[in-house]
Amino acid sequence: MAKVKKNLNFQRYLDLKKEDLDLPSLEEDTKGYYTVEVGERYCRVEDCVNDTLFTSTNNLRKHILKQHPEVLLTGEESGGRPTQTEEARAIKFYNDIMKAYDDREAEKEEVLPDLPLKNDGSVNITKMRRAIRAMKLPVPCEVCKDNDQPKLCCHDDVKDTCEHFDMFVDPRDQEDDGDEA
Ligand SMILES: [Zn+2]
Ligand SMILES: [Zn+2]
């Protein structure tokens, strides 16, 4: 599986949680068999709640064999080098799921509102807190509370730690990028 291992999207897949990947369920082929792709580590049997990143594809197959005996798998239980076709199919699989992931992330970013700013460029705390409350989030946020800075929540002083800054796109960040370019 040399080619799969080197694939960037496969490496990203390994770094992400099952719930964040939103993986497609294993699909039955025309002969009633299911295929685990080369390198796969998460169980994709429909509705399986197991979200472990298995230490190897072989261990994933063992899990399926044991927990989902009704699911018949193609291929060897262990060993056996994947064919080029299998590797190509797997790479397409990782590329597809990571593309879907990136699309979802991009969409998330689009819906984030701009951080409200005052004319002097500092954050408009009153407006920001109003927006946060409208999102049904508490003020202060957990982090500011834990840091014993409840009053600083939504202040520029804590913008690198305060959770509420994640709920907005900071227009100042974009300007900074422009300056550097
Ligand atoms: Zn499972
Ligand atoms: Zn905060």
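Residues numbered from 1 in each chain as written. Chains lettered and ligands numbered in written order. Predicted model: local features only at pLDDT ≥ 70, side-chain atom pairs only at ≥ 80, totals over all residues.

## Comments concerning the overall build of the protein
Across its full length, the protein carries eight helices and zero strands. Along the protein, helices and strands appear, N-terminal first, in the series α-α-α-α-α-α-α-α. Against the compact-globule benchmark of 16 Å for 181 residues, the protein has a radius of gyration of 23 Å, which places it well outside the compact range. Overall size of the protein, expressed as C-alpha extent along the three principal axes, is 65 × 40 × 30 Å. Within the span of the protein, comprising 181 residues, buried residues form 19% of the whole. (Helix = DSSP H or I, 4+ residues; strand = E, 2+ residues; numbered from the N terminus. Rg over C-alpha atoms; globule rule 2.2 N^0.38 Å. Buried ≥ 20, exposed ≤ 12 C-beta atoms within 10 Å, placed from the backbone.)

## Some points on the nonpolar core
Counting residues in hydrophobic clusters, the biggest one holds ten residues: Leu115, Val123, Met128, Ile132, Cys141, Cys144, Cys153, Cys154, Cys162 and Phe165. Aside from chain neighbours lying at most four places away, what touches Ile132 is Leu137, Val139, Cys154, His164 and Met167. In this structure, Val4, Phe10, Ala90 and Ile97 belong to the second largest nonpolar core, which totals nine residues. (Core = buried A, V, L, I, M, F, W, Y, C linked by C-beta atoms within 7 Å. Contact = placed C-beta atoms within 7 Å.)

## Some details on unusual backbone geometry
Residues Val139 and Pro140 are joined by a peptide bond in cis, for which omega reads 0°. On the secondary structure map, Pro140 appears in the loop between α6 (125-134) and α7 (142-146). Located in the positive-phi region is Cys154, a residue other than glycine, with phi close to 75°. The topology assignment puts Cys154 in the loop between α7 and α8 (171-180). Judged by the 26 C-beta atoms lying within 10 Å of it, Cys154 falls in the buried class.

## Quick notes on the domain arrangement of the protein
For the protein, the domain assignment lists domain 1 (2-110) and domain 2 (113-180). Placing the centre of domain 1 and that of domain 2 at their C-alpha centroids yields a distance of 38 Å. (Domains from an automatic or database assignment.)

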